[in-house]
Amino acid sequence: MQESQHGVELRGVSRIYTRGGEGVKVFDDVDLSVNAGAFCALMGPSGSGKSTLLNLVGGLDRPDSGDVVVGDTFLSDLSESALAEWRSENVGFVFQGFNLVPVLTAFENVELPLLLTGLSKAERKEHAMHALELVDMGDRAKHRPGQLSGGQEQRVAIARAIASDPGVILADEPTGDLDFESACQVLDLMGRLHTELGKTILMVTHDPRAAERAERVIHLDKGRISESSEGTESADDGFREVKPREGEGA
Amino acid sequence: MVPFKLIWRNLLRHKLRVLLTAGSLTVAFFLLCVLQALVVSLDQGVKNASKKRLVVQSAVSLFVNLPASYQGKIETIEGVEESMKMTWFGGYYREPANMFAQFAIDADRMERIYSSVELVEGSWEEFKSSRMSCLVGKETAKKYGWSVGDRVPIVGMIYPRLDGSEWQFDIAGIYDASQEASIDDLTMYFHWEYLDEAMEAGAAGGADGIGVYSVLLSDGYSQAGVGALIDGLFENGPQRVQSTPEGEFNAQFVSMVGNVPFFVGTIGMGVLIAILLATLNTMLMSGREQTRDVGVLKALGFDGSAAFWLLLTQSLLLCGVGAGTGILLALGVEGPLQALLGSNFPGLRISSDVLAPAVLLAVAVALFAGLAPALRARRLTVIEALREEA
Ligand SMILES: Nc1ncnc2c1ncn2[C@@H]1O[C@H](COP(=O)(O)OP(=O)(O)OP(=O)(O)O)[C@@H](O)[C@H]1O
Ligand SMILES: [Mg+2]
């Protein structure tokens, strides 16, 4: 697997939801820059737009204005289908609810994104088993999600996210539904994706201990972004407004 | 494209529900095939009737006979190739319950006028050579165990023998009229002269004259044109006639069966609507349950058309298996069905006229039931799909 070449940049991004005629500004002219290979935690109160930010970066949602740039791709330039194709090559998602396909085995779930590549059946098998072994689930390849614990399911989901070797991993509260021990295993894994595989990781979390694993913590509140660069040892200070900075980014 | 096992396993996610829906489809399509076969059987005498034949009857009623002398006059008309007498005999074999159709005809002309009737036993020569000879349809022959050479007694109700005895007929041939839409395989044809001579000799009672004339047209002449000429010839009596294209003539008998096609059509429509709604319900539920899967697939980079086919293929499979089983079942009982209903519905078959609409209907049901969830899956965004509670 290759070290990520994918920095992430938001340039003057606004996202406004209209609800009952009234506009809800989730983001208003926000700038953010994340280096390739960085491990960022996203924190903030409920409704502050953490998921919205991940969706914008992953090309699941489009900004009302501004640009989302991942690597050297301007996502707004891509059509819906081009975006889907781009996603399959560049982004791996990990969700709070695991979201494995229940009728498929762990192996088949991990193989799913590989079906969109030109890999042969044998190559797909090799890649999928490799990813499963990386998350220590190789021996559960033939199990269905219903036969796995939550922690195991999430590890399979992580294997699926990295199976096609994307540069960016987007994780939305990956430990939200897990007990302490499983959460630790998943966080360890996220750390390894960063250190060993060099993925660019954006991870939403409510858990300060989870955020500690990241090298950078970005706080979202009321449509603004602020951050503390070294974990969350101080909850109240050390934040600063993020200004668009030259040199950071892809 | 999504892998087939995903489609298949999602379809079987709720085994009982799918089984019940497929079972309903099976029953419905079995019924639809059988009902359609009945309608086709009634229709085919009308639809496949020869465009080259006319039936000439009394303008008053089918039950009023025409003079035998009309035959020669009809044959003087341009466009008439040949004609044949046909008089309804109305008899039964041994017991009134053994009623079947018999016609007194011109034995030497039938071979040419109904040229697609085939003899599977015996020969036209044998039939023509003796007054007492008759031809019997293969179904009736099978029913009573008759074969060529047998002498069969028939009681005449319209033409009773005055000494109370039965008419005797010698079977000279057994025919197969599956290529001839206007003739079923149940009827007996015998020499008109045999009947006529008995009546002349005072040995039998009944009305004089000829029931109808079956008229074969020369090449290049139309039923309407020649029919008008024939009708015109007898306009001033002594007895007026009505010439009808053979198909229309046959249709009278279909409408005499009452509103069978209408009833059958209504029942079929009801069955169809019920199964349509049941299948739609199943597919809508399936579609809802797979919302999250669709979201996941799209997040992974599968496009809208993959999501569309995920759902539509399930509907096609469900209907294919369910309806397919029903259609196969109908094919399987074709034989017993013919034995049961063949005498009322001649030529009853699960033919391509039955199968083609059934297959089309199955596809239509699959599209109707699958399109709504498939289109929804195609439209659904990842965000909407994953927000929805599974
Ligand atoms: N489809 C939508 N229509 C209208 N408003 C929306 C929609 N999606 C999100 N919002 C609003 O946008 C804001 C940000 O939502 P988002 O889901 O990004 O928050 P979040 O930080 O992920 O919250 P949580 O921690 O609860 O997951 C919220 O106020 C939410 O109500
Ligand atoms: Mg969220």
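Cut-offs and rules
Residues numbered from 1 in each chain as written. Chains lettered and ligands numbered in written order. Predicted model: local features only at pLDDT ≥ 70, side-chain atom pairs only at ≥ 80, totals over all residues. Heavy atoms only, no water. Disulfide = S-S within 2.5 Å. Axes fitted to C-alpha atoms, helices over the stretch in contact; angles between N-to-C directions. Helix = DSSP H or I, 4+ residues; strand = E, 2+ residues; numbered from the N terminus. Parallel < 35°, antiparallel > 145°, perpendicular 65-115°, else oblique. Left-handed = near helix turned anticlockwise from the far one by under 90°. Nonpolar A, V, L, I, M, F, W, Y, C, P; charged D, E, K, R; others polar. Near = heavy atom within 4 Å. Polar contact = N/O pair within 3.5 Å; in protein donor to acceptor, adjacent residues only side chain to side chain. Areas by Shrake-Rupley, 256 points an atom, 1.4 Å probe, with all protein chains shown as cover. Salt bridge = Lys/Arg side-chain N within 4 Å of Asp/Glu carboxyl O. Buried < 20%, exposed > 50% of the residue type's maximum accessible area, 1.4 Å probe, protein only. Domains from an automatic or database assignment. Pairing = 2+ DSSP bridges. Contact = heavy atoms within 4.5 Å. pLDDT = per-residue confidence, 0-100. Arc of directions from axis to C-beta. Phe/Tyr/Trp six-rings, centres within 6.5 Å; stacked < 30°, edge-to-face > 60°.

### With respect to the state of the cysteines
According to the stated counting rule, one finds zero disulfides over all chains in the structure shown. The thiol sulfur of B:C33 is not disulfide-bonded, and the nearest other cysteine sulfur, from B:C319, lies at 14 Å.

### Quick look at the packing of helix 12 (residues 304-332) of chain B against helix 14 (residues 352-379) of chain B
Residue and element names in this part refer to chain B. Packing of helix 12 against helix 14 brings their axes to within 8 Å, and their N-to-C directions diverge by 155°. Between helix 12 and helix 14, the interaxial angle falls into the category roughly antiparallel. Considering the relative orientation of helix 12 and helix 14, their crossing is right-handed. Residue composition of the contact of helix 12 with helix 14, by class: 22 nonpolar, four polar and one charged.

### What about the site of ligand 1?
Of all residues adjacent to ligand 1, which total 14 residues, the nearest are A:R19, A:S46, A:K50, A:S51 and A:T52. Those residues lying near ligand 1 are distributed over chains A and B. Separating an oxygen atom of ligand 1 from a side-chain N or O atom of A:S46 is a distance of 2.5 Å. A:G47 is positioned with one of its backbone polar atoms (N or O) 2.9 Å from an oxygen atom of ligand 1. In isolation ligand 1 exposes 630 Å². Once the protein is present, 69% of that is buried. Counting only elements with at least two residues in the shell around ligand 1, the list comes to strand 1 (8-19) and helix 1 (50-57) of chain A. Among the elements that make up the shell around ligand 1, the one with the highest residue count is helix 1 of chain A (three residues). When the residues that make up the shell around ligand 1 are grouped by side-chain class, the tally is three nonpolar, seven polar and four charged.

### Observations concerning the pattern of salt bridges
Oppositely charged side chains can form a pair if their charged atoms are brought close together. Overall, the coordinates contain 26 salt bridges over all chains when judged by the stated rule. We note a salt bridge from B:E125 to B:K128, for which the minimum N-O separation is 3.8 Å. Placement of the pair is B:E125 and B:K128 together in helix 5 (residues 124-129), with a separation of three residues, close to one helical turn. Judged by relative accessible area, B:K128 falls into the partly exposed class, the value being 28%. Connected via shared salt-bridge partners are A:R15, A:D61 and A:D64.

### Focus: the domain arrangement of chain B
If you check the domain split of chain B, you get domain 1 (4-46 + 259-389) and domain 2 (60-239). Computed over C-alpha atoms, the centres of domain 1 of chain B and domain 2 of chain B are 48 Å apart.

### Focus: the side chain of A:K199
All names here are of chain A. Tracing the sequence through the fold places K199 in the loop between helix 6 (180-195) and strand 8 (200-204). Classification of K199 by relative accessible area gives buried; the value is 0%. A distance of 2.9 Å separates a polar side-chain atom of K199 from the backbone oxygen of P166.

### Regarding the sheet that holds strand 4 (residues 65-70) of chain A
Residues and elements named next belong to chain A. Pairing in this open sheet of four strands is antiparallel, and the strands run 2-1-4-5 from one edge to the other. Edge positions in the open sheet fall to strand 2 (22-34) and strand 5 (73-74), since each of these has one partner strand only. Pairing of strand 1 with strand 2 involves nine bridges; the strand directions are antiparallel. From the neighbouring strand, V8 faces strand 2, where its bridge partner is V34.

### Quick notes on the interface of chain A and chain B
With 23 residues of chain A in contact, the opposing surface of chain B contributes 18 residues. There are two salt bridges connecting chain A and chain B. Two residues, B:R9 and A:E108, come together in a salt bridge whose shortest N-O distance is 2.6 Å. Listed by contribution, the elements that provide at least two residues to the side of chain A that touches chain B are helix 2 (80-90) and helix 3 (106-111) of chain A. In terms of residues, the side of chain A that touches chain B owes the most to one element, helix 2 of chain A, which gives four residues.

### Looking at the confidence of the model for chain B
All names here are of chain B. With 95% of its residues at a pLDDT of 70 or more, chain B shows a mean pLDDT of 88. Looking at the elements of chain B, mean pLDDT is at its lowest for helix 9 (residues 246-256), recorded as 72, and at its highest for helix 12, recorded as 96. Complex prediction metrics read pTM 0.73 and ipTM 0.88.

### Comments concerning the environment of B:A68
Residue and element names in this part refer to chain B. Here A68 shows up in the loop between strand 1 (53-58) and helix 3 (70-74). Spatially, the C-alpha atom of A68 lies 9.9 Å from that of V212, the residues being 144 residues apart in sequence. Here A68 is in contact with W192, I210 and Y213, once residues within four sequence places are set aside.

### Remarks on helix 7 (residues 192-200) of chain B
All names here are of chain B. Within the span of helix 7, buried status applies to W192, Y194, L195, A198 and M199. Axial view of helix 7: buried residues confined to an arc of 165°, hence all on one face. At its buried positions, helix 7 is contacted by strand 2 (80-88), strand 5 (102-105), strand 9 (167-176) and strand 10 (188-191). Immediately downstream of helix 7, the backbone of G202 shows phi near 75°, a positive value.

### Thoughts on unusual backbone geometry
All names here are of chain A. Although it is not a glycine, F98 sits at a positive phi angle of roughly 65°. Structurally, F98 can be placed in the loop between strand 6 (91-94) and helix 3. Overall, F98 belongs to the buried group, its relative accessible area being 9%. Positive phi outside glycine occurs at E173, with the angle close to 45°. Structurally, the position occupied by E173 is in the loop between strand 7 (168-172) and helix 6. Classification of E173 by relative accessible area gives buried; the value is 17%.

### Quick look at the pairing of strand 6 of chain A
Residues and elements named next belong to chain A. Residues V91 and F93 of strand 6 are buried on one face, and the alternating residues G92 and V94, pointing to the opposite face, are buried as well. Where strand 6 lies against strand 7, four bridges are found, and the strand directions are parallel. Bridging across to strand 7, G92 finds its partner in I169.

### A word on the packing of aromatic side chains
Residues and elements named next belong to chain B. For the structure on display, the rule yields 20 aromatic pairs over all chains. Plain terms: the ring middles of F4 and W8 are 6.4 Å apart, the flat faces sit at 15° to each other, and that makes the pair stacked. Placement of the pair is F4 and W8 together in helix 1 (residues 4-11), with a separation of four residues, close to one helical turn. The class for F4 is partly exposed, based on a relative accessible area of 49%. Seen in terms of ring centroids, F89 and F169 are 6.2 Å apart; in terms of plane orientation they differ by 90°. Their pairing is edge-to-face. Highlighted residues: F89 in the loop between strand 2 and strand 3 (91-92) and F169 in strand 9, separated in sequence by 80 residues.

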